[in-house]
Amino acid sequence: MGEALTEREIEAVLREVTDEEVGFYQEFGWVMMKQLVAPEFATELQRVAQERRDRPAKEGAANPAVHLALAEDAEPYRSFMFSERMSHNAMRLVNKRRLKGVDVPLRYRMDMHILKPPGAAGSTYHQDSAEHGSDRVGELQFWLALDEVTAEMGAMRFVSRSHREGPLGSVFNDDRGNLLEQYPNLTSVLELSPPFHYQLGDCTVHHGYTVHGGPDNSTDKPRLSYLFSYSPEDTRYWNGTAANWGAERKRLDDTANPIILKPSGD
Ligand SMILES: O=C(O)CCC(=O)C(=O)O
């Protein structure tokens, strides 16, 4: 098991986000932060996650790859995610100060270790906040490479500036297909980010309304990453939980809310 780290120790392995990165994120809805954490710290996170996965599972035990930053026995995850430096980094990106005049504290939303083995399917194109059911913007997700991740290993792609489009619909637990299928003009009106090549310690962050997904892992190597996410303290969630795979969604019914006029086909 790893040790809890002091703020000073965290600052030695986690840098501040730059003004350029904050500006890029606000404009495009995502940003790549090269070497946000020191490679040896990313290796330590990977080691601790692997050790937890290798432990014999106790009956009814929680998934060892999820909520590491809340666990008693998964340091340095907690020290990292709850550090002042990470909190300030995230608050600067969220930038509630712009309209409120003050920063809004962030809550832990969730964290998880993601392992995509060779051949694993790509990620469905979606918007996190539309899936999670938050009532306001501000939620954001960091995706930290715990090993080298090439584009062919299924590195995510983001639809640049899609965070300005508002909610485009939830797609998990739905039969209408991912957002690229539902909005065939999305990547011609807007632009898909370039294919990324992450080095150990590189991290992207994306806005809750940025459309993102990714290709299959078409290599013979596993794709290792750590996803961690915050949400503004005052956010309300539809079902009172900020779970990753979708608050319940129901379509309106034709009797109570009849359709006014169906558009004629183009
Ligand atoms: O790891 C992936 O490919 C997708 C992760 C994701 O959807 C997210 O970070 O919001």
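You'll find the structure just up there.
Procedures and definitions
- Residues numbered from 1 in each chain as written.
- Predicted model: local features only at pLDDT ≥ 70, side-chain atom pairs only at ≥ 80, totals over all residues.
- Helix = DSSP H or I, 4+ residues; strand = E, 2+ residues; numbered from the N terminus.
- Buried ≥ 20, exposed ≤ 12 C-beta atoms within 10 Å, placed from the backbone.
- Contact = placed C-beta atoms within 7 Å.
- Near = placed C-beta within 6 Å.
- Nonpolar A, V, L, I, M, F, W, Y, C, P; charged D, E, K, R; others polar.
- Pairing = 2+ DSSP bridges.
- Axes fitted to C-alpha atoms, helices over the stretch in contact; angles between N-to-C directions.

**Q** Explain the environment of V159 to me, please; I cannot follow it from the model alone.
**A** Relative to the assigned elements, V159 resides in strand β4 (residues 157–160). Judged by the 28 C-beta atoms lying within 10 Å of it, V159 is buried. Remark: the alpha-carbon pair of V159 and N257, spanning 98 residues in sequence, is separated by 33 Å. Ignoring any residue separated from it by four or fewer positions in sequence, one finds V159 in contact with L186, T187, L190, L192, T210 and V211.

**Q** For this particular structure, what's the right way to read the site of the ligand?
**A** Close to the ligand lie I114, S123, D128, Q141, W143, G154, M156, H212, G214 and L227, which account for all nearby residues. Its residues assigned to classes, the shell around the ligand comprises four nonpolar, five polar and one charged.

**Q** Looking at this structure, how should I read the sheet that holds strand β8 (residues 223–232)?
**A** Strands sit in the order β1-β6-β3-β8-β2 across an open sheet of five strands; the sheet is antiparallel. At either margin of the open sheet sits one strand with a lone partner, and together these are β1 (30–33) and β2 (106–116). Here the strands of the sheet are splayed against their neighbours by 15 degrees on average, with no regard to which way each runs. Bridge count for strand β3 (residues 140–145) against β8 is six bridges, and the pairing is antiparallel. Paired with L140 across the two strands is Y230, which belongs to β8. Contacts between helix α2 (residues 19–28) and the sheet are confined to β1 and β6 (203–207), with β1 contributing the most and set at about 150 degrees to the helix. Contacts between helix α5 (residues 84–94) and the sheet are confined to β2, β3, β6 and β8, with β2 contributing the most and set at about 100 degrees to the helix.

**Q** Sorry if this is basic, but what is going on with the environment of P76 here?
**A** Summarising the element assignment, P76 is placed in the loop between α3 (39–54) and α4 (77–81). Its 22 C-beta neighbours within 10 Å are what place P76 among the buried residues. Taking the C-alpha atoms as reference points, P76 and R249, separated by 173 residues in sequence, lie 36 Å from one another. With sequence-adjacent residues up to four places away left out, P76 is seen in contact with G2, E3, A4, L5 and E44.

**Q** I tried to follow unusual backbone geometry on my own but got confused; where do I start?
**A** Most of the time, phi is negative for any residue but glycine, and the peptide bond is trans. Residue E75 is joined to P76 through a cis peptide bond whose omega torsion reads 15 degrees. The backbone phi angle of Q35 is positive, close to 50 degrees, even though this residue is not glycine. Tracing the sequence through the fold places Q35 in the loop between β1 and α3. The class of Q35 is partly exposed, set by 13 C-beta atoms lying within 10 Å. If you check the backbone angles, R161 has positive phi at about 70 degrees while not being a glycine. With respect to the helices and strands, the residue R161 is situated in the loop between β4 and α8 (179–182). A count of 17 C-beta atoms within 10 Å places R161 in the partly exposed class.

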